[in-house]
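# What the coordinates show
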Amino acid sequence: MPRRTFPMGRVKRLIMGASAVILGLLGAISGLGSQSAAGPYIGFMLGYVDPKAAAAAAIHAFWVCIGAIIAYTVPGHGAIPWAIVVLYTAGATIGAVIAAPLAAPLAGVRRLLQGLAFPGLIYILALSAGRRFGGLEALPWEVLRSPGGWALAGAACGAMARVGALPIGVLVVPALVFGADLSPAVASVTALAIAALAALLPVLGYTASRIVDPPMGRTLNVGGALGGAAGGYALAAGANASSTWPLQSFCVVAMLLCAWLIQRSRMQN
């Protein structure tokens, strides 16, 4: 009788597929995507090193965003403000490019921004909990609700995220809620659309280079798309204009993510 071998590859794909669904669900509901968390996790679980881990995480996160966008818009529950998406993306890209040479010299600013992340998120969490049924008030500056303001806000988010070594979604989601005056659910999906648009060219490059193993890559991408779709549908079906639970979800996930990333950054330094 032939000796049966343990299907390690199949089990590993099953575990990573389930993990991709969970990461995609949390990333979609919070509006943060899943790249920041997925990269180190994929590297640890599969033994990938950069740039392979980064490529796998970027492609996975892209499909999380696509799944969420489709599930949010196709049922007819909600629409995405694409003008805001395009201008925020352009501004964030320019801001990040300008700030890149300043990241190392401004180490003190980086520590300051990282130190302010937690109090800021706690304040937003408390504010959203207190305004659970009454909605949230936008900042009184009308310029933030104009095309020029969207581009400037995106540039500020891109620059601060680059200097502070923070996920840009941590800054974009509150900017969309309190600056662009979007509801928390719309802000979350809009942030995912911004992330997808910004990642389009890198993802095409990673895909063309075939840097990620095809079977595992498909597992991560399909799982991410399913998790993202579940999150997008939850935002579309379970949140209205005054619902603040998506912003509360964002704050909780953002605090956990920032704590881990900041601790990891300090250990590496």
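Below or above, wherever it landed, is the structure these notes cover.

## Notes on the nonpolar core
If you look at the biggest cluster of nonpolar residues, it comprises 62 residues, and the most contacted ones within it are I42, Y88, L176, L247 and F250. Tallying contributions element by element places helix α8 (residues 184–209) first for this core, with 11 residues. Not counting the four nearest positions on each side in its chain, I42 is found in contact with M16, G47, Y48, A56, A57 and L220.

## Some details on the packing of helix α7 (residues 169–179) against α8
It is the contact of α7 with α8, at a shortest axis distance of 9 Å, that shows an interaxial angle of 135 degrees. By the angle between their axes, α7 is oblique relative to α8. Two packed elements cross with a definite hand, and for α7 against α8 that hand is right-handed. Of α8, the residues touching α7 (which contributes V172, V173, L176 and V177) are P184, A187, T190, A191 and I194. Classifying every residue of the contact of α7 with α8 gives eight nonpolar, one polar and no charged.

## Some remarks on helix α5 (residues 107–130)
Along its 24 residues, α5 runs 35 Å from first to last C-alpha, staying within 8% of the 34 Å computed at 1.5 Å per residue. The sharpest bend along α5 reaches about 30 degrees and sits at A117, with the proline P119 one to four residues further on. Along α5, the residues classified as buried are A107, R110, L113, Q114, A117, L121, I124 and S128.

## What about a nonpolar patch on the surface?
Together, V86, L197, L200, L201 and L204 give the surface a local cluster of nonpolar side chains, amounting to about 470 Å² of exposed area. Here the element with the most residues in the nonpolar patch is α8; it accounts for four residues. Structurally, V86 is set in helix α4 (residues 82–99). Among the residues examined, V86 registers a relative accessible area of 47% and is labelled partly exposed.

Reading the values: rules and limits
Residues numbered from 1 in each chain as written. Predicted model: local features only at pLDDT ≥ 70, side-chain atom pairs only at ≥ 80, totals over all residues. Heavy atoms only, no water. Core = buried A, V, L, I, M, F, W, Y, C linked by side-chain atoms within 4.5 Å. Buried < 20%, exposed > 50% of the residue type's maximum accessible area, 1.4 Å probe, protein only. Helix = DSSP H or I, 4+ residues; strand = E, 2+ residues; numbered from the N terminus. Contact = heavy atoms within 4.5 Å. Axes fitted to C-alpha atoms, helices over the stretch in contact; angles between N-to-C directions. Parallel < 35°, antiparallel > 145°, perpendicular 65-115°, else oblique. Left-handed = near helix turned anticlockwise from the far one by under 90°. Nonpolar A, V, L, I, M, F, W, Y, C, P; charged D, E, K, R; others polar. Expected span 1.5 Å × (residues − 1). Bend = angle between axes of the 7 residues up to and from the residue. Patch = residues over 30% accessible without salt bridge, like charges linked within 9 Å, V, L, I, M, F, W, Y side chains within 5 Å. Areas by Shrake-Rupley, 256 points an atom, 1.4 Å probe, with all protein chains shown as cover. Salt bridge = Lys/Arg side-chain N within 4 Å of Asp/Glu carboxyl O.

The values are spatial; any link to function lies outside them.
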